[in-house]
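Analysis of the macromolecular model
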Amino acid sequence: MSSHTNADGRRSHKGLMVLSGLHFINDLHASFLPTFLPLLIRNLSLTLGEAGTLNALFGGIHLIAQPLAGLWADRSARSLLVFWGPVLTLWGACLIPLAPTLPLAFLIVGIFSLGTAAFHPQGHGLVGAVVPGNELGGALAIFAAAGTLGAALSPLYAVALWDTPGHLGLVGVSAAALLIPLLCRGIFPRRPLGAGSQLPPFKQFLHVGRLVAPILALTIARDATSQGIRVFLPLWVTLRGGTLAQGGTLLFAYTLGGMAGGMVAGRLSDRLGTRPFLTGSFALAPALLLGGLVTQGGLSWLLLVLGGAVLSSSSPVTTALAQKTTPESRSTASSLAMGVSWGLANWVTSPLGLLADAWGLNQALICIALTPWAFLALNPLVSRVSRSAPR
């Protein structure tokens, strides 16, 4: 192996590690809302419908901002979004538990929603740009695992910051956020991520959207279930008589299970094939989640964590498929397969909260847990995703 090849390998691994570290930091703070939702409900006297609307705003901003950020990233030679996005995320996340009114809570959620929406498309696109194509699936799994680990640790970390005297931990993190763009300056080359700039922006978006549509349909069904369970999980624990700390612990375990599922997904999908892998994960996850919602104690927690792991296992697989389908517009493809999907999925939390007000939270979560089974009725879409996989 030549010294040039070794140098390229070192640069690609360094770039992947930096991107994964930024993903960890961003998602560590972007996941504060579910942990502090019981606190906001108590302090601001919110209904479950209003609480769900806060998370729906998070998803709505992702729905709009991620495609715009993806288009900008594919056409720009600057990597500003992966550095300044996490800064906004940290600032907003540290303010959310201090929100004194519902309108200010909406404003703060908007701030960290914009930050994390700006980060993710360029982050995913840069992974595809810094690693060889034959390593993309594994690299995206590492990048995704870093973010999932951050989200998993987020409840414990958020409670620890809140418990510092005078909440000074939140203030310190807000100030330290400014170090991110200073320390990461000049790491990535100044060149556009793809050749998608040869098309006008709107035509580029339509072109990528047409190619990625079958994958997007699948990821919406997956993310709607994942978010519906995840956002209300700490509240579900407290309504069953548990503490805020226990709710955060279950959310930590649930999210960590998702990271583990994503890490093993690449090899399993390679062995089983894309269609059997996706069909199997969509068939098994609801059974596990339903089991967790109708049982008690340790068995309930175990089944919920396993259900989250199986549900999240397809995430790096579908992102790699989207990028390989449109390699000239990696950030835009990622913004659709991840960001738009995530944004639309977050909208489900508002009607889910209203359903919980009317029927009870456990019954509402049982309904959303059935979504992957409903999607399996659209089996031709799973087949289209499989056929779209480049050889």
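Residues numbered from 1 in each chain as written. Predicted model: local features only at pLDDT ≥ 70, side-chain atom pairs only at ≥ 80, totals over all residues. Heavy atoms only, no water.

Some details on the overall build of the chain
Along the chain, the regular secondary structure elements total 18 helices and zero strands. Taken across its 391 residues, the chain has 57% of its residues classed as buried. For the chain, the proportion of contacts with a sequence separation of at least 24, taken over those separated by at least 6, is 84%. For the chain, the computed accessible surface area is about 15500 Å², with 69% contributed by carbon and sulfur atoms. (Helix = DSSP H or I, 4+ residues; strand = E, 2+ residues; numbered from the N terminus. Buried < 20%, exposed > 50% of the residue type's maximum accessible area, 1.4 Å probe, protein only. Contact = heavy atoms within 4.5 Å. Areas by Shrake-Rupley, 256 points an atom, 1.4 Å probe, with all protein chains shown as cover.)

Considerations on a nonpolar patch on the surface
Residues Trp72, Leu80, Trp84, Leu88, Trp91, Leu114 and Leu178 make up a contiguous nonpolar surface patch of about 610 Å² in total accessible area. It is helix α4 (residues 80-95) that contributes the most residues to the nonpolar patch, four residues altogether. The topology assignment puts Leu178 in the loop between α7 (168-176) and α8 (179-183). Its relative accessible area of 40% is what places Leu178 among the partly exposed residues. (Patch = residues over 30% accessible without salt bridge, like charges linked within 9 Å, V, L, I, M, F, W, Y side chains within 5 Å. Salt bridge = Lys/Arg side-chain N within 4 Å of Asp/Glu carboxyl O.)

A word on the environment of Ser174
Tracing the backbone shows Ser174 in helix α7. Judged by relative accessible area, which is 19%, Ser174 ranks as buried. In contact with Ser174, other than residues within four places in its own chain, are Trp91 and Cys94.

Remarks on the pattern of salt bridges
Pairs can form between side chains of opposite charge whenever their charged atoms are close. Per the counting criterion, the structure on display carries one salt bridge. With its nearest N and O atoms 3.0 Å apart, the salt bridge here joins Arg222 to Asp223. When sorted by exposure, Arg222 lands in the same class as Asp223, which is buried.

Topic: helix α5 (residues 102-130)
With 29 residues, α5 should cover 42 Å at 1.5 Å per step; its first-to-last C-alpha distance of 42 Å lies within 8% of that length. Buried residues dominate α5, accounting for 21 of its 29 residues. With a side-chain oxygen lying 3.3 Å from the backbone nitrogen of Leu104, the N-terminal cap of α5 falls on Thr101. (Expected span 1.5 Å × (residues − 1). Polar contact = N/O pair within 3.5 Å; in protein donor to acceptor, adjacent residues only side chain to side chain.)

Focus on the nonpolar core
Membership of the largest hydrophobic core comes to 71 residues, with the highest contact counts inside it found for Leu22, Phe32, Leu40, Ile96, Ile229, Trp236 and Leu365. When neighbours within four sequence positions are excluded, Ile229 is seen to be in contact with Tyr254, Leu289, Leu293, Leu365 and Ile368. Leu63, Leu321, Ala322 and Val340 belong to the second largest nonpolar core, which has eleven residues in total. (Core = buried A, V, L, I, M, F, W, Y, C linked by side-chain atoms within 4.5 Å.)

Thoughts on the side chain of Thr332
Tracing the sequence through the fold places Thr332 in helix α14 (residues 330-347). What makes Thr332 buried here is its relative accessible area of 0%. When near neighbours in sequence (up to four residues on either side) are disregarded, Thr332 contacts Gly70, Leu71, Asp74, Gln204, Phe205 and Val208.

Regarding the packing of helix α15 (residues 349-359) against helix α16 (residues 361-369)
Two elements in contact, α15 and α16, have axes separated by 7 Å at closest approach and are oriented at 135 degrees. One way to sum up the angle between α15 and α16 is to call them oblique. Here α15 and α16 pass one another in a crossing that is right-handed. Along its contact with α15, which presents Leu352, Leu355, Ala356 and Trp359, the element α16 presents Leu361, Gln363, Ala364, Leu365, Cys367 and Ile368. Grouping the constituent residues of the contact of α15 with α16 by class yields nine nonpolar, one polar and no charged. (Axes fitted to C-alpha atoms, helices over the stretch in contact; angles between N-to-C directions. Parallel < 35°, antiparallel > 145°, perpendicular 65-115°, else oblique. Left-handed = near helix turned anticlockwise from the far one by under 90°. Nonpolar A, V, L, I, M, F, W, Y, C, P; charged D, E, K, R; others polar.)

Everything listed is a geometric property; what it means functionally is a separate question.
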